[in-house]
Amino acid sequence: MKNVLKFTPMVAALLLAGCAVGPDYQRPTMAMPTHFKEAKGWQQAAPQDEQSKGDWWSVYHDATLDSLLRQVSISNQNVASYAAQYREAQALTSQSRAALFPSVSYDASSTRSGSRASTTGQRSVSNAHAADLSASWELDLWGKLRRTLEENKASAQASKAELANITLSAQSELAQDYFQLRILDEKIALYQRSIDAYQRYMTVIQNKYSAGSESRATLAQAQMQLESARASAQDYQWQRAQSEHAIALLLGRAPADFSLPVAKLDATLPAIPNSLPSALLQRRPDIAYAERNVAAANAAVGVAIAGYYPDLTLSATGGVSSSAINSLFSLPNRVWSLGPELSGTLLDFGATSAKVEQARAAYDASVADYRQSVLTAMGEVEDYLVQLNTLKGEIASQQLATSAAQESARVTRNQYDAGMIDYLDVATTENSSLSEQQSLLSLQSTQWVSSVELIAALGGGWQG
């Protein structure tokens, strides 16, 4: 017992003096511009991936959109899959943490065996009973276990960021589908109004043709215009249905069990502020994911380097063994063992060196991936900024063109009703008006979608 007491402080001293081999983690440096090229007042982002971004979609002030997006984190099956993977990564971290401490196990057995002597034929029966309690502790002298824990913690954090990224991606995709669907509702309504107007003209021309005051060519022109509008309206109907199906799948529901009634787009397009908080770009979960992978790869280098050094394990076993169960726990039947075990590799023909080089190469690759993620994020933000800034002026011009086309169509209708011009002029201006209105709605659809893409590119907007 005295020897054990002397041995314990020595072990503690060795443990405390133990060092963690391998490089300590440093976040990779990344040269970034001080501002975004396409927006004045934007500042360089600082790492803030843990910062709460809230419900980023609230800037649109759309109750239906708000209700739909709140369901994504609950019902989307891709999100559920990544959530399970995150729990798995957390459990692996807990397992690595437990490896730093001693483990205690027990074993109990009771057997009865018999034999017969070949010469005398006499039978003999024997009993054996045993109960053992054992403990083992791998001393982390070189930091292999601590580096493994560090690696698994970083991997769990990367898994958390990946979960956030897939959630943001699903929410962004749903918001884009929603705005596209609402614009399709407006396009269908536009064509329905045109169909109603063309149908009225068709009736008038049909009557005039029957009376002999209108030509067959004019009747054919009116019929072509009406049927063409009907075909286009039907084309938008199936596009709307597919957008509705996409929203259903993002909500984890079968398309047959989900419908979104036709409604007017009643949302507010958020204005991009001229100046923004500095902690924006690094809030992107995909950047956080890439950076945490770098940390995990760095720790893996330390684990690989620890393979050069021996493992030291302390083990102790105590128990009892007897042929009679009633005397199993008596003093003469007690057994015990105590001692250290040192194990390592003497010769592996470069296998450990190869593992270290492999870990270092994986680290270099993860650093490059991280830097590329930052560059890609910068590029996406710049793209959506220039797109939104350009769309603003483009839509303003298209609105003027649309108004002019509608006025031209109104004048030609009045002239035709007064008998001043042929219906061909009416058909031409009506088609131009319809085309301009359709182009305006398409630009507005792109504007709504681009605003969602910008918010996602910033990691969830500029709030907070």
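The structure displayed is predicted, hence computed values, not measured ones.

Scoring rules and cut-offs
Residues numbered from 1 in each chain as written. Predicted model: local features only at pLDDT ≥ 70, side-chain atom pairs only at ≥ 80, totals over all residues. Heavy atoms only, no water. Helix = DSSP H or I, 4+ residues; strand = E, 2+ residues; numbered from the N terminus. Buried < 20%, exposed > 50% of the residue type's maximum accessible area, 1.4 Å probe, protein only. Contact = heavy atoms within 4.5 Å. Core = buried A, V, L, I, M, F, W, Y, C linked by side-chain atoms within 4.5 Å. pLDDT = per-residue confidence, 0-100. Phe/Tyr/Trp six-rings, centres within 6.5 Å; stacked < 30°, edge-to-face > 60°. Salt bridge = Lys/Arg side-chain N within 4 Å of Asp/Glu carboxyl O. Axes fitted to C-alpha atoms, helices over the stretch in contact; angles between N-to-C directions. Parallel < 35°, antiparallel > 145°, perpendicular 65-115°, else oblique. Left-handed = near helix turned anticlockwise from the far one by under 90°. Nonpolar A, V, L, I, M, F, W, Y, C, P; charged D, E, K, R; others polar.

### Side note on the overall build of the protein
Here's step 1: A tally of helices and strands in the protein yields nine helices and four strands.
Here's step 2: Reading the protein from its N terminus to its C terminus gives the helix and strand order α-α-α-α-β-β-α-α-α-β-β-α-α.
Here's step 3: The buried share among the 464 residues of the protein stands at 38%.
Here's step 4: Residue pairs at least 24 apart in sequence account for 83% of intrachain contacts in the protein once pairs closer than 6 positions are excluded.

### Side note on the nonpolar core
Here's step 1: By size, the foremost hydrophobic cluster in this structure holds 68 residues, and its most contacted members are Trp56, Tyr60, Leu174, Phe179 and Ile247.
Here's step 2: When contributions to this core are tallied by element, the ones reaching two or more residues are α2 (63-70), α4 (77-98), α5 (144-211), α6 (216-250), α7 (285-305), α8 (351-417) and α9 (423-457).
Here's step 3: Per-element tally for this core: the top contributor is α5, with 18 residues.
Here's step 4: When residues no more than four places from it in sequence are discounted, the contact partners of Leu174 are Leu65, Leu68, Leu69, Val72, Ile247, Leu250 and Leu251.
Here's step 5: Listed in part, the seven residues of the second largest apolar core include Val21, Val301, Ile305 and Ala306.

### Digging into the environment of Leu251
Here's step 1: Take Leu251: it is sitting in the loop between α6 and α7.
Here's step 2: In the structure, Leu251 is positioned 182 residues away from Leu69 in sequence and 8.4 Å away in space, judged by C-alpha atoms.
Here's step 3: Ignoring sequence-local partners within four residues, the contact set of Leu251 consists of Leu68, Gln71, Val72, Ser75, Asn76, Leu174 and Phe258.

### With respect to unusual backbone geometry
Here's step 1: Positive phi outside glycine occurs at His61, with the angle close to 55°.
Here's step 2: One can find His61 in the loop between α1 (2-17) and α2.
Here's step 3: The phi dihedral of Phe349 falls on the positive side, at around 55°, and the residue is not glycine.
Here's step 4: When you line up the elements, Phe349 lands in the loop between β4 (334-343) and α8.
Here's step 5: In this structure Phe349 comes out as exposed when scored by relative accessible area, which is 77%.

### Structural notes on the confidence of the model for the protein
Here's step 1: For the protein, mean pLDDT is 84; residues scoring 70 or higher make up 85% of the total.
Here's step 2: The secondary-structure element of the protein with the lowest mean pLDDT is α1, recorded at 44, while α2 shows the highest, at 95.
Here's step 3: Contacts of residues 1-17 to residues separated by more than four positions or lying in other chains number nine contacts, the stretch itself having pLDDT below 50.
Here's step 4: In the predicted structure, residues 33-47 sits below a pLDDT of 50 and forms 41 contacts with residues beyond four places in sequence or in another chain.

### Concerning the packing of aromatic side chains
Here's step 1: Per the counting criterion, the structure on display carries 10 aromatic pairs.
Here's step 2: Ring geometry for Trp56 versus Trp57: centroids 5.6 Å apart, planes at 80°, classification edge-to-face.
Here's step 3: The class for Trp56 is buried, based on a relative accessible area of 3%.
Here's step 4: The interplanar angle of 50° and the centroid separation of 5.5 Å between the aromatic rings of Tyr201 and Tyr423 together place this pair among those described as tilted. With Tyr201 in helix α5 and Tyr423 in helix α9, this residue pair connects regions lying 222 residues apart in the sequence. The same class applies to Tyr201 and to Tyr423, which are both buried.
Here's step 5: By the ring-pair criterion, three or more aromatic residues cluster together here, those being Tyr60, Tyr178, Phe179 and Trp448.

### Thoughts on the side chain of Asp185
Here's step 1: Considering the arrangement of structural elements, one finds Asp185 in helix α5.
Here's step 2: Classification of Asp185 by relative accessible area gives buried; the value is 5%.
Here's step 3: Ignoring any residue separated from it by four or fewer positions in sequence, one finds Asp185 in contact with Arg240, Pro261, Val262 and Ala263.

### Notes on the pattern of salt bridges
Here's step 1: Taken as a whole, this structure holds 16 salt bridges when the rule is applied.
Here's step 2: Across the salt bridge formed by Glu150 and Arg147, the nearest N and O atoms sit 2.9 Å from each other. Of this pair, Glu150 and Arg147 both sit in helix α5, three residues apart, roughly one helical turn.
Here's step 3: The partner of Asp286 in a salt bridge is Arg284, with the nearest N and O atoms 2.7 Å apart.
Here's step 4: Overall, the relative accessible area of 5% leaves Arg284 in the buried class.

### Re the packing of α5 against α8
Here's step 1: As a packed pair, α5 and α8 sit with axes 13 Å apart at the nearest point and diverge in direction by 25°. By the criterion of interaxial angle, the relationship of α5 to α8 is roughly parallel. The two elements α5 and α8 cross, and the hand of that crossing is left-handed. Of the residues in α8, those in contact with Tyr201, Ile205 and Lys208 of α5 are Arg413, Tyr416 and Asp417.
Here's step 2: Of the residues contributing to the contact of α5 with α8, the split by class is three nonpolar, no polar and three charged.

### Focus on the environment of Ser433
Here's step 1: With respect to the helices, strands and loops of the structure, Ser433 is situated in helix α9.
Here's step 2: By relative accessible area, Ser433 is classed as buried at 4%.
Here's step 3: Sequence separation between Ser433 and Ser408 is 25 residues; the distance between their C-alpha atoms is 7.9 Å.
Here's step 4: With residues up to four places along the chain from it excluded, the contact list for Ser433 reads Ala405, Gln406 and Ala409.

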